Amino acid sequence: MKISSSVFASFCLMIEISGIALFLRGFFPAPIKSSFSSKTKLSDLPAEPLTGNNPNSSTILVPLFHRVVIVLIDALREDFVFGAKGRQYMPYTQHLVEWGSSHSFVAKARAPTVTMPRIKALTTGSIPGFIDVVMNLNSPVLLEDNLLWQAKAIGKRIIFYGDDTWIRLFPKHFMEYDGTTSFFVSDYTEVDNNVTRHLDSTLKRDDWDILILHYLGLDHIGHLSGPHSSLIGPKLLEMDDILRKIHSSLTSQETEGSLPNLLVLCGDHGMSETGSHGGSSDPEINTPLVLISSAFKRKVGMDNPGTVEQVDVLPTLALGLGLPISQNNVGCLISPVFEHTSLRDQLRFMHLNSFQLICLLKDSTPNFQKEEGYEQFHFAEKSHGNWIKLYLEGNTSEVLSNLGRKVLRQYVDALKALSSALSKQLGKYDMYSMIVGMVLVLQVLMALLLAMPEALSRGAEVEIPLTSTLLSLPFYMLWLLCCSIHVLVCTSAGSSCYLCNLSWIPALAAITTFSAMLCVLLSMAGRKLASGAKTGTKNVNGSGFSELDVLLLIGTLGNVISLGSSSFIEEEHQTWYFMINTLCLVIFQDVCCKYFRERRNSSDDDSYLASKQDLPSLLSPISEQGIGSHKWLALSTPLLTLACCRLLRSLNQTGVQWMHLPDLSHWLNRWEHKAELSLLSAASLLLIFFFVQKCCSLVSKIALALGLLGVYSYRAAVGNVLFPWQLGSRDISKGTVEARFVYIFILGILFTGSKDLLRSQVITADSRLKSRGLWEVYSGIVLLCALLFRPHNLPVLACSLLIQTTMAQYIWKELQYDAAQTTIMHYWFGQAFFYFQGNSNNIATVDISAGFVGLESYLAIPAIFLTAFSTYSGPLLWACHLVCYLSSAQDSWNPASVGHGCYCFALLRSIPTVVYIILVTALRYHLFIWSVFSPKLLYEAMHTLVTTVVCIFFTAMDQNHIGQS
């Protein structure tokens, strides 16, 4: 069966997406959890350890606090409370930290630093899996043992106001609640007012025990304008006033003889220097934790806050409220919080925490006896029993006190060792799903490589022996073998494998696909070996690689090899910047060879990859009068590209090493430089219109001009830029009307382009109409990018269009680069512009504010689409330009160019994906697997999905042309 190169490439990518999804399902495991189905109860708590036969009735757990108010401020960085901003904008909180009855700590969150996993960590004491980044968009009900369930089980009355993620996680735990959406980042005022409006009436009531307030405004300001925005100060002042009100109310309600109240101030995660979060940089993982209660000793001055883990909050709050510690907790008690209690109570709390960690260790580790913490616990427990015996005997000597302090230190050491051992496990990989997914993507890559000579031939068709394979005996034998292996694995592994939990229909479909792919590969490989001698002789006589071919090959493979290093992943943008600069120099050399030497002879290779020999007869030679201007414009194009790339490198600092350094975007986004940003944005929008409108119809040109005007109006409405007639700042709005105004023109341009494409294929075979339709669709995509880009990033879009225009006009056609070379260059530039936008391989650099442009409330599908489109707009724009460019070539001088481009694009995406999946599997126990390698894996998976969509568009254009001819 023969199919075109584009259809073959798209089909391969769709199988690859399935393999990647299966691999991700196995790679991102559920965190270590206890296998006990029931939750811990007070009756399950162990008694105090005791040596001898003295009676011991100390199994009752007495609460230390009457009421607890938890104020969780989303994206509250540690320096917002303990740093200069805290001293300036949170004076009351700063006074409590320095002189009040409080304990202050820096609580370290674990990656991924997004809200839902952090709430899980605070309420269960467990370390959520990295896949919770995805689950954060639609949080499911939390079924595992948690603080809120324990509180409700003993009759505690809980009230919640704030982020509705809590309501989705705990739908039946609150006696009263009012949720606000956490994803509509354009709102940073009402989202907090909806929480505070309940505060006065709730504090006066006496029908609740736990009050949880989750404020989102600070996080939304960070996403909109970063941690150094002028909006940060007023928001911190607002939060400080709320804390003053709560603390005053709790203090006034305490009576003599009653238990004290507790106020907890914390953040779920921090905020990066760009205002986002999700990664593992210090500003993202360091959050303040302040516990305020009259039970604590009043301070006499500011101490440097100690460091604790965020999961340590759970056992501390649980025992403070007289609750059992959740089964899956890996945190340790924050011992200073219990200093005001008796030594016996402190030892009791330490024993309960250690006993819970020991139970979890036994349940999750086969060789738990060999763990250092296990031995330390039993040694401390034995010493604890001796202390209890002396205590019950009435011993009051100094020996008892010294022994008690020694036991405390032993428990602390055991807790640290147990917590560290459990935290390192994180989860158990589903190796069966990982291996099957890895083999599937490896099969796809092998199929693409084996099909290369046919896919890049003149006909751009690939022979797939599918029918003969499916009817062959080896296929059925292999199918039965795979079914047997599947049954064997599932009966031995039980329910721990995802594939084993599937019904037989999808499982058999996966086995059939796997078996068919393997048989097809063997058939293709056998056919290639049979004709290997003839092909080898033919290739020896062919022309060799040019300097550009060598660079493209070495650069692509070099980048793939560099993915094995965590440092190269963190700084991958440097690799692409270097490769683009080198590419420009090689292009400059080719231009010099063309115009200052004899023109290189073109060889006629029958296996020529992109029909280069057809070009000279179809491209009219440059006239003598125009050769001078063409020469200098061609010479200046790579130099202009180098200048643009150097400018864009200074616009956004990305990666890890230099992320903290100021860049042009920071300078432009300062309030005092709004005029400069406005001028730069306006100039960029004019350049965008100039480069895009040339190939559009008159109607589309008008729509594009009005749309770009709407883009500037939207940015002026939200306060990013100014109009010339504005003398000062104006009231800031959400810009919903202006953004929707632009969306109308985007849809209009896309509709016009799609209509022209359909007309060119169905009604009339007009290549010019088809080309105009493609460029109009491209202009609609450019307009959407302009709307979603932040103003300081508009020069990135303008420079991208400038490079595309000059390269297409003076380089790719003039130097007769074939479809494969042009595709690789487009791919390289797309990767470089991904990083020019300010993106990185860190989740924290994803600009989620783009997902809410023009929305008044959170809508999942539009928000996800717009965020993904904005993030990958660089590769998308260059891929769309490639389709337009190759389609014009297909209609003029190379009928197979679109098929070649689609195939090369699929191959370029498959090679790094497959290699990286193999590397991640080998490095799954690496120190940086969750902080560096895992985010990159998610980026690779998403990039492959985007490439699949692009290749389907390629296929549509290629098939339409075939149908037309």
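**Student:** Hey, could you go over the overall build of the protein for me, with residue numbers and the actual values?
**Tutor:** A count of helical and extended segments in the protein gives 40 helices and ten strands. Looking at the protein as a whole, 58% of its 965 residues are labelled buried. When contacts within the protein are restricted to residue pairs at least 6 apart in sequence, long-range pairs at least 24 apart make up 79% of them. Accessible area of the protein: about 39800 Å², with a carbon and sulfur share of 62%.

**Student:** Give a description of the packing of helix α32 (residues 698–717) against helix α34 (residues 767–788) that names residues and reports values.
**Tutor:** Put simply, α32 and α34 touch, their axes get as near as 9 Å, and they point 10 degrees apart. Comparing their axes, α34 and α32 come out roughly parallel. Residue-level inspection shows Ser-700, Leu-704, Gly-707, Leu-708, Val-711, Tyr-714 and Arg-715 of α32 in contact with α34, the latter providing Glu-776, Ser-779, Leu-783, Ala-786, Leu-787 and Leu-788. Per-class residue counts for the contact of α32 with α34 are eight nonpolar, three polar and two charged.

**Student:** Break down the packing of helix α11 (residues 217–225) against helix α12 (residues 232–253) for me, citing the residues and quoting the values.
**Tutor:** Two quantities define a packed helix pair, namely the angle between the axes and the distance from one axis to the other. For the pair α11 and α12, interaxial distance at closest approach is 10 Å and the crossing angle is 175 degrees. With respect to their mutual orientation, α11 and α12 come out roughly antiparallel. Only Ile-232, Lys-235 and Leu-236 of α12 make contact with α11, whose side of the interface consists of Gly-217, Leu-218 and Ile-221. Taken together, the residues that form the contact of α11 with α12 break down as four nonpolar, one polar and one charged.

**Student:** Requested: an account of the pairing of strand β4 (residues 158–163), with residues and values cited.
**Tutor:** Counting buried positions along β4 gives six out of six residues, so the element sits mostly inside the fold. Bridge count between β4 and strand β6 (residues 210–215): five bridges; the pairing is parallel. Pairing of Phe-160 across the sheet is with Ile-212, part of β6.

**Student:** Explain empty space enclosed by the protein to me, and be specific about the residues and the numbers.
**Tutor:** Leftover empty space is mapped by rolling, across the atoms, a probe with the size of a water molecule. Using the criterion set out here, one finds eleven cavities of 30 Å³ or more in the structure. Its boundaries defined by the atoms lining it, the largest cavity holds a volume of some 130 Å³. Taken together, 13 residues line the largest cavity, and the ones lying closest to its centre are Ile-70, Leu-122, Leu-147, Trp-166 and Leu-317. Secondary structure elements with two or more residues in the lining of the largest cavity: α5 (115–124), α7 (147–153), β6, β7 (262–266) and α14 (313–320). Here the residues of the lining of the largest cavity are counted per class, giving twelve nonpolar, one polar and no charged.

**Student:** Which residues make up the pattern of salt bridges, and what values do they have?
**Tutor:** One pass over the structure, following the stated rule, counts 20 salt bridges. Two residues, Arg-197 and Asp-178, come together in a salt bridge whose shortest N-O distance is 2.7 Å. Of the two residues, Arg-197 sits in the loop between α9 (190–196) and α10 (199–204) while Asp-178 sits in strand β5 (residues 176–180), which places them 19 residues apart along the sequence. Overall, the relative accessible area of 53% leaves Arg-197 in the exposed class. Among the salt bridges present, the one from Arg-772 reaches Asp-756, with a minimum N-O distance of 3.4 Å. Separated by 16 residues along the polypeptide, Arg-772 in helix α34 and Asp-756 in helix α33 (residues 736–763) bring together distant segments of the chain.

**Student:** Tell me what's going on with the sheet that holds β4, and back it up with residues and numbers.
**Tutor:** With respect to topology, eight strands assemble into an open sheet ordered β5-β4-β6-β2-β7-β8-β3-β9, the strand pairing being mixed. Looking at which strands have only one partner, the edges of the open sheet turn out to be β5 and β9 (306–309). Here the strands of the sheet are splayed against their neighbours by 15 degrees on average, with no regard to which way each runs. Bridge count for β7 against strand β8 (residues 286–292) is four bridges, and the pairing is antiparallel. Note that in β8 the partner of Leu-265 across the bridge is Val-290. The strands touched by α12 are β2 (68–73), β6, β7 and β8; relative to β7, the strand with the most contacts, the crossing angle is about 165 degrees.

**Student:** Now, about unusual backbone geometry: what can you tell me, with residues and values included?
**Tutor:** Phi is positive for Ala-75, close to 65 degrees, though the residue is something other than glycine. Examined against the element boundaries, Ala-75 turns out to sit in the loop between β2 and α2 (79–82). Take Ala-75: its relative accessible area is 1%, and that puts it in the buried class. Phi angles above zero are rare outside glycine, and Gln-816 is one such case at about 60 degrees. Structurally, the position occupied by Gln-816 is in the loop between α35 (794–812) and α36 (819–836).

**Student:** Give me the lowdown on the packing of aromatic side chains, citing residues and values where you can.
**Tutor:** Under the defined criterion, the tally for this structure stands at 28 aromatic pairs. With centroids separated by 5.0 Å and ring planes inclined at 50 degrees, the aromatic side chains of Phe-338 and Phe-349 adopt a geometry described as tilted. Taken together, the residues Phe-338 in the loop between α14 and α15 (343–364) and Phe-349 in helix α15 connect sequence positions eleven residues apart. Assigned by exposure class, Phe-338 and Phe-349 land together as buried. For the ring pair Phe-741 and Phe-745, a centre distance of 4.8 Å and an interplane angle of 75 degrees mean the geometry is edge-to-face. Residue Phe-741 and its partner Phe-745 are both found in helix α33; the two are separated by four residues, about one turn of the helix. Within the aromatic cluster, the residues linked to one another by ring pairs are Phe-160, Trp-166, Phe-170, Phe-174 and Tyr-177.

**Student:** Got a sec to walk through the confidence of the model for the protein? Specific residues and values, please.
**Tutor:** Confidence in the prediction for the protein averages 85 pLDDT; 88% of positions are at 70 or higher. Segment residues 598–625: pLDDT under 50, and 41 contacts once partners within four positions in sequence are set aside and those in other chains are kept. Taken as a whole, residues 960–965 scores under 50 in pLDDT and shows ten contacts with residues more than four places along the chain or in a different chain.

**Student:** How would you summarise the state of the cysteines if you had to cite specific residues and measurements?
**Tutor:** All told, the structure shown has one disulfide when counted by the stated rule. Lacking any disulfide linkage, Cys-904 is separated from the closest cysteine sulfur, that of Cys-902, by 9.4 Å.

**Student:** Give me the lowdown on the environment of Val-946, citing residues and values where you can.
**Tutor:** By secondary structure assignment, the location of Val-946 is in helix α40 (residues 929–964). Since its relative accessible area comes to 13%, Val-946 is described here as buried. When the C-alpha positions of Val-946 and Phe-869 are compared, they lie 9.0 Å apart, and in sequence the two are 77 residues distant. Excluding residues that lie within four positions of it along the chain, Val-946 makes contacts with Tyr-872 and Leu-876.

**Student:** Could you give an account of the side chain of Arg-118, naming the residues involved and the relevant values?
**Tutor:** Its location among the elements puts Arg-118 in helix α5. The class of Arg-118 is buried, set by a relative accessible area of 1%. Within the structure, Arg-118 has its side chain in polar contact with the backbone oxygen of Arg-110 (distance 3.0 Å).

**Student:** Any chance you could break down the environment of Leu-855 for me, citing the residues and the numbers?
**Tutor:** Turning to its location among the elements, Leu-855 is positioned in the loop between α36 and α37 (860–871). Placed 120 residues apart in sequence, Leu-855 and Gly-735 show a C-alpha to C-alpha distance of 9.3 Å.

**Student:** So what's going on with the nonpolar core? Residues and values would help.
**Tutor:** Ranked by internal contacts, the top residues of the largest apolar core, which has 110 residues, are Leu-583 and Trp-828. If we skip the residues at most four places from it in the chain, Leu-583 touches Leu-548, Leu-551, Leu-552, Met-825, Trp-828 and Phe-829. Among the nonpolar cores identified, the runner-up in size contains 72 residues, and Val-330, Ile-334, Val-337 and Leu-352 belong to it.

**Student:** Give a description of the side chain of Asp-268 that names residues and reports values.
**Tutor:** Within the secondary structure layout, Asp-268 lies in the loop between β7 and α13 (282–285). Look at Asp-268: it is buried, it has no salt bridge, and the nearest opposite charge is Arg-118 at 7.7 Å. Here Ala-75 takes part through its backbone nitrogen, which lies 3.2 Å from a polar atom of the side chain of Asp-268. Apart from the residues within four sequence positions on either side, Asp-268 is in contact with Leu-72, Ile-73, Asp-74, Ala-75, Ala-109, Thr-115, Arg-118, His-214, Thr-287 and Gln-310.

**Student:** I'd love a proper account of the pairing of β2, names of residues and values included.
**Tutor:** Counting buried residues in β2 gives six out of six residues, a clear majority hidden from the surface. Two elements, β2 and β6, share six bridges in a ladder whose sense is parallel. Pairing of Leu-72 across the sheet is with His-214, part of β6. Summarising the sheet, β2 and β7 pair through five bridges and their orientation is parallel. Across the sheet, Val-68 pairs through a bridge with Leu-262, a residue of β7.

Rules of the game
Residues numbered from 1 in each chain as written. Predicted model: local features only at pLDDT ≥ 70, side-chain atom pairs only at ≥ 80, totals over all residues. Heavy atoms only, no water. Helix = DSSP H or I, 4+ residues; strand = E, 2+ residues; numbered from the N terminus. Buried < 20%, exposed > 50% of the residue type's maximum accessible area, 1.4 Å probe, protein only. Contact = heavy atoms within 4.5 Å. Areas by Shrake-Rupley, 256 points an atom, 1.4 Å probe, with all protein chains shown as cover. Axes fitted to C-alpha atoms, helices over the stretch in contact; angles between N-to-C directions. Parallel < 35°, antiparallel > 145°, perpendicular 65-115°, else oblique. Nonpolar A, V, L, I, M, F, W, Y, C, P; charged D, E, K, R; others polar. Pairing = 2+ DSSP bridges. 1 Å grid on protein atoms, 1.4 Å probe; cavity = no way out; pocket = protein on both sides within 12 Å on 5 of 7 lines; lining within 4 Å. Points joined across faces, edges and corners; volume = space filled by probe spheres on them. Salt bridge = Lys/Arg side-chain N within 4 Å of Asp/Glu carboxyl O. Phe/Tyr/Trp six-rings, centres within 6.5 Å; stacked < 30°, edge-to-face > 60°. pLDDT = per-residue confidence, 0-100. Disulfide = S-S within 2.5 Å. Polar contact = N/O pair within 3.5 Å; in protein donor to acceptor, adjacent residues only side chain to side chain. Core = buried A, V, L, I, M, F, W, Y, C linked by side-chain atoms within 4.5 Å. Lys, Arg positive; Asp, Glu negative; His and termini not counted.

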